[in-house]
Amino acid sequence: MEGQRWLPLEANPEVTNQFLKQLGLHPNWQFVDVYGMDPELLSMVPRPVCAVLLLFPITEKYEVFRTEEEEKIKSQGQDVTSSVYFMKQTISNACGTIGLIHAIANNKDKMNFESGSTLKKFLEESVSMSPEERARYLENYDAIRVTHETSAHEGQTEYWGLNSGSCACLANTLTAEPHRQSYFHALKATNVEAPSLDEKVDLHFIALVHVDGHLYELDGRKPFPINHGKTSDETLLEDAIEVCKKFMERDPDELRFNAIALSAA
């Protein structure tokens, strides 16, 4: 992705909700924090949930897994319904916006859009495009780029300085002891400058959505959606969190994980 480079978007519900509002999405669905993975903390998330965004570090271990996963799927195949809206990522640091597009596009029938909505217009105009064509279309879609840039500037936190990352993240601690719960730990934000466009970013967003009875991982860095098996509107959050756990288990020394859920307001 040596072409365009955007400022990273923060994985903060206030930022993402304001971003979507500026794109013309009615706030009948709102992103909320996922504070932990145990049932008690998941019960704090308003239901229903129609999408989960996961932010995670791109590490050497993950890149090895990603290559192996792609080769395995290309060899063995997988079932992916044609109803899935999927787009590639060709803009550096645009994974947050692409994650939001994936979340909304695959739940478009649940959403209410304001008159003249930029996001609705983009989705309608790109619905018949290929994943690669959608990526190129976004490159030249100034209305979304400008809104992304505004939202990225609003999300200024100390996590930039700590990790040169793409977000104000929640950290995860995984322990080997079965009696201890895995949990997300909130890092407090302070007002510092967001990173420059040239600063290296090693955190990445993906979306987890329910389409036609299956749970799909949508990552614009991958060549296709990943089918993670059966799910339902009622179990999407728990099923998505199981996928998030696998990401964390692959990198047990990493703390930079964050999940936010798109819930009915």
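Since the structure is predicted, the reported quantities are computational estimates derived from the model, not experimental observations.

Rules behind the numbers
- Residues numbered from 1 in each chain as written.
- Predicted model: local features only at pLDDT ≥ 70, side-chain atom pairs only at ≥ 80, totals over all residues.
- Heavy atoms only, no water.
- Helix = DSSP H or I, 4+ residues; strand = E, 2+ residues; numbered from the N terminus.
- Buried < 20%, exposed > 50% of the residue type's maximum accessible area, 1.4 Å probe, protein only.
- Contact = heavy atoms within 4.5 Å.
- Core = buried A, V, L, I, M, F, W, Y, C linked by side-chain atoms within 4.5 Å.
- pLDDT = per-residue confidence, 0-100.
- Phe/Tyr/Trp six-rings, centres within 6.5 Å; stacked < 30°, edge-to-face > 60°.
- Lys NZ or Arg CZ within 6 Å of the ring centre and 35° of its normal.
- Pairing = 2+ DSSP bridges.
- Axes fitted to C-alpha atoms, helices over the stretch in contact; angles between N-to-C directions.
- Expected span 1.5 Å × (residues − 1).
- Arc of directions from axis to C-beta.
- Parallel < 35°, antiparallel > 145°, perpendicular 65-115°, else oblique.
- Nonpolar A, V, L, I, M, F, W, Y, C, P; charged D, E, K, R; others polar.
- Salt bridge = Lys/Arg side-chain N within 4 Å of Asp/Glu carboxyl O.

Novice: An account of the overall build of the protein chain is needed here, citing residue identities and associated values.
Specialist: Across its full length, the protein chain holds nine helices and eight strands. Counting over 265 residues, the protein chain shows a buried share of 51%. Contacts in the protein chain between residues far apart in sequence, at least 24 positions, make up 75% of those at least 6 positions apart.

Novice: Break down the nonpolar core for me, with residues and values.
Specialist: By size, the foremost hydrophobic cluster in this structure holds 44 residues, and its most contacted members are Ile104, Phe122, Leu123, Leu138 and Leu262. Counting only elements with at least two residues in this core, the list comes to helix H1 (13-22), strand E1 (29-33), strand E2 (49-57), helix H4 (95-105), helix H5 (118-126), strand E5 (203-211), strand E6 (214-218) and strand E8 (258-264). Look past the residues within four positions of Leu262 in its chain and what remains in contact with it is Trp29, Gln30, Phe31, Pro48, Val49, Cys50, Ala51, Ala103, Ile104 and Met111. With 23 residues, the next largest nonpolar core counts Leu42, Leu236, Val243 and Met248 among its residues.

Novice: Hey, could you go over the confidence of the model for the protein chain for me, with residue numbers and the actual values?
Specialist: Considering every residue of the protein chain, the mean pLDDT works out to 85; 82% of them sit at 70 or more. Here residues 157-194 is modelled with pLDDT under 50, and outside its nearest four sequence neighbours on either side it reaches 102 contacts, counting other chains as well.

Novice: How would you sum up the packing of aromatic side chains? Please name residues and give values.
Specialist: In this description, a pair of aromatic rings is defined by centroid distance and the angle of the planes. Per the counting criterion, the structure on display carries seven aromatic pairs. Site record: aromatic cluster; members linked through ring pairs are Phe56, Tyr62, Phe65 and Phe247. Of note, Arg250 hangs over the ring of Phe247, and the distance from its end group to the ring centre comes to 4.6 Å.

Novice: Now, about the sheet that holds E1: what can you tell me, with residues and values included?
Specialist: In space, the six strands of this open sheet follow the order E1-E8-E2-E5-E6-E7, with antiparallel pairing throughout. Every interior strand has two partners, whereas the edge strands, E1 and strand E7 (226-230), have only one. Averaged over all adjacent pairs, the angle separating strand axes in this sheet is 25°, with direction ignored. Pairing geometry for E6 and E7, over three bridges, is antiparallel. The residue of E7 that forms the bridge with His214 is Lys230.

Novice: For helix H3 (residues 60-76), give the residues involved together with the corresponding values.
Specialist: Over its 17 residues, H3 extends 24 Å from the first C-alpha to the last, a length consistent with the 24 Å expected when each residue adds 1.5 Å. If you check which residues of H3 are buried, you get Tyr62, Arg66, Glu69 and Ile73. Along the long axis of H3, the arc covered by the buried residues comes to 70°, so they all point the same way. Of the exposed residues in H3, those oriented more than 90 degrees away from the buried face are Glu60, Glu71, Lys72, Lys74 and Ser75.

Novice: Account for unusual backbone geometry, with residues named and values stated.
Specialist: Cis geometry is found at the peptide bond from Arg47 to Pro48, where omega equals -5°. Tracing the chain through its elements places Pro48 in the loop between helix H2 (39-42) and E2. Positive phi outside glycine occurs at Asn93, with the angle close to 70°. Of note, Asn93 is situated in the loop between H3 and H4. By relative accessible area, which is 11% here, Asn93 ends up buried. Positioned with a positive phi, Asp212 is a non-glycine residue whose angle comes to about 50°. Tracing the backbone through its elements, the reader meets Asp212 in the loop between E5 and E6.

Novice: Mind laying out helix H9 (residues 236-250), listing which residues take part and the relevant values?
Specialist: Helical periodicity: at 3.6 residues per turn, an α-helix aligns residues three or four positions apart in one direction. The end-to-end C-alpha distance of H9 is 22 Å, a good match for the 21 Å that 15 residues give at a rise of 1.5 Å each. Within H9, the full set of buried residues consists of Leu236, Leu237, Ala240, Ile241, Val243, Cys244, Phe247 and Met248. Within H9, the buried residues cover an arc of 155° as seen down the axis, which keeps them to one side.

Novice: Explain the packing of H4 against H5 residue by residue, including any values.
Specialist: Each pair of packed helices can be summarised by the angle the axes make with each other and by the distance between the axes. Direction vectors running N to C along H4 and H5 enclose 75°, while the axes themselves pass 11 Å from each other. What the angle tells us is that H4 and H5 run roughly perpendicular. Contacts between H4 and H5 involve Ile101, Ile104 and Ala105 from the first element and Leu119, Phe122 and Leu123 from the second. The residue makeup of the contact of H4 with H5, split by class, is six nonpolar, no polar and no charged.

Novice: Got a sec to walk through the pattern of salt bridges? Specific residues and values, please.
Specialist: Taken as a whole and judged by the stated rule, the model has eleven salt bridges. The partner of Asp142 in a salt bridge is Arg145, with the nearest N and O atoms 3.5 Å apart. Taken together, the residues Asp142 and Arg145, both in helix H7 (residues 142-154) and three residues apart, mark about one turn of the helix. Classification of Asp142 as partly exposed rests on a relative accessible area of 45%. In this structure Arg145 comes out as partly exposed when scored by relative accessible area, which is 26%. For Lys222, the salt bridge is made with Glu217, and the minimal N-O distance between the two is 2.7 Å. For the pair formed by Lys222 and Glu217, the shared burial category is buried. Here the salt bridges share partners, and the residues they tie into one network are Glu63, Arg66 and Arg221.

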